[in-house]
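Close look at the chain arrangement
Take a look at the letters that make up each chain.
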Amino acid sequence: AILASDCEAGILLLEDLGSQGILDEAGRPIADRYRASVACLAAIHGTSFERDISLGDSRTHEIPDFDRTAMKMEVELLIDWHLPWKRGGLAVSDDARRSYLGIWDDLIDQLADTETSLVLRDFHSPNIIWLAERTGTLRVGIIDFQDALLGPAAYDVVSLLQDARIDVPEQLELSLLTRYIKARRATDENFDPAAFAELYAIMSAQRNTRLLGTFARLNRRDGKPHYLRHQPRIWTYLQRSLAHPALAQL
């Protein structure tokens, strides 16, 4: 809840959601809290959002699109930062860059008619607060969504089920994905599970290539090598998504 605001100063006073998360003491997913988080996403994605949000006075905030330009800027991080780091500083050739970005143009073309929704961008364990005293989806407190965009609904599902910072076992990922699909079908008879599975694979590849590049950049440019410990996990997630036939060329 927003308790008070001063838009001119850029200040919001928000309720304190506490510090109880969705991981156990060993840093492993708590299954029932992940199931509630999946239900929360299904509820968000079953809701229509206006692009223009009134700020309560004469001003509005226009939610930007997660569009081709944004997606391609993010996937370029893989070839600009991760691959040169893995190749001892050797840059990717111009031909390889054109080929790689051309493949992404084709994949982004496939997103043109897919379902879009509010994309929170970082819907994962560090940003989900567990509110045990509440019920239903209100048990899921959410922070760090100030960069929200309008884009493919699957993005936040990937963010949750392929958490870059903790291991989400593949069996748990699949069971939660199935749970999400069932929740969406229960409220929308036109929801297409096969189309969503393809969308999920494409957005997994997009997000995980971005993370590989981002974490390599944090190491090399910003002197933050601790992010590199997540790279093997992200590669595992990426390999899962690349098994989908839609990503054969990538």
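Our structure is the block above this text.
Since we're looking at a predicted model, the values are computed, not measured. (Residues numbered from 1 in each chain as written. Predicted model: local features only at pLDDT ≥ 70, side-chain atom pairs only at ≥ 80, totals over all residues. Heavy atoms only, no water.)

**So, the layout of surface pockets**
The condition that has to hold: The distinction between a cavity and a pocket rests on a 1 Å grid over the protein atoms alone: a 1.4 Å probe fits inside a cavity but cannot get out, while a pocket stays open yet meets protein on both sides within 12 Å along at least five of seven lines, and a residue with an atom within 4 Å of a point counts as lining. Grid points are joined across faces, edges and corners, and a volume is the space filled by probe spheres set on the points. Numbering of helices and strands runs from the N terminus; a helix is a DSSP stretch of H or I covering at least four residues, while a strand is a stretch of E covering at least two. Each residue gets one label: Ala, Val, Leu, Ile, Met, Phe, Trp, Tyr, Cys and Pro are nonpolar, Asp, Glu, Lys and Arg are charged, and the others, such as Gly, are polar.
Taken as a whole, the largest pocket spans an internal volume of roughly 1300 Å³. Around the largest pocket sit 33 residues that line it, and Ile2, Leu12, Leu14, Phe145 and Gln146 are the ones nearest its centre. Broken down by secondary-structure element, the contributors of at least two residues to the lining of the largest pocket are β1 (2–6), β2 (11–14), α1 (31–45) and β7 (140–142). Among the residues making up the lining of the largest pocket, the classes are represented as 22 nonpolar, 7 polar and 4 charged. Reported here for the second largest pocket is a volume of approximately 240 Å³.

**Let's talk about the pairing of β2**
Rules: One bridge is not enough; two strands pair if DSSP finds at least two bridges between them.
Pairing of β1 with β2, which is carried by 4 bridges, proceeds in the antiparallel orientation. Along β2, the bridge assignment pairs serine 5 with leucine 12. Linkage of β1 to β2, two consecutive antiparallel strands, is achieved through a turn of 4 residues, within which glycine 10 is found at a positive phi near 70°.

**Describing α1**
To be explicit about the condition: A helix is expected to span 1.5 Å multiplied by its residue count minus one. Residue exposure (1.4 Å probe, protein chains only): buried if accessible area is under 20% of the type maximum, exposed if over 50%, otherwise partly exposed. Whether two residues are in contact is decided by their heavy atoms: any pair within 4.5 Å suffices.
Its 15 residues give α1 an end-to-end C-alpha distance of 21 Å, which sits within 8% of 21 Å, the value for a rise of 1.5 Å per residue. Of the residues making up α1, those classed as buried are Arg33, Tyr34, Ala36, Ser37, Val38, Cys40, Leu41, Ala42, Ile44 and His45. Among the structural elements, β5 (116–119), β6 (128–130), β7, α4 (154–161) and α5 (170–187) are those in contact with the buried residues of α1.

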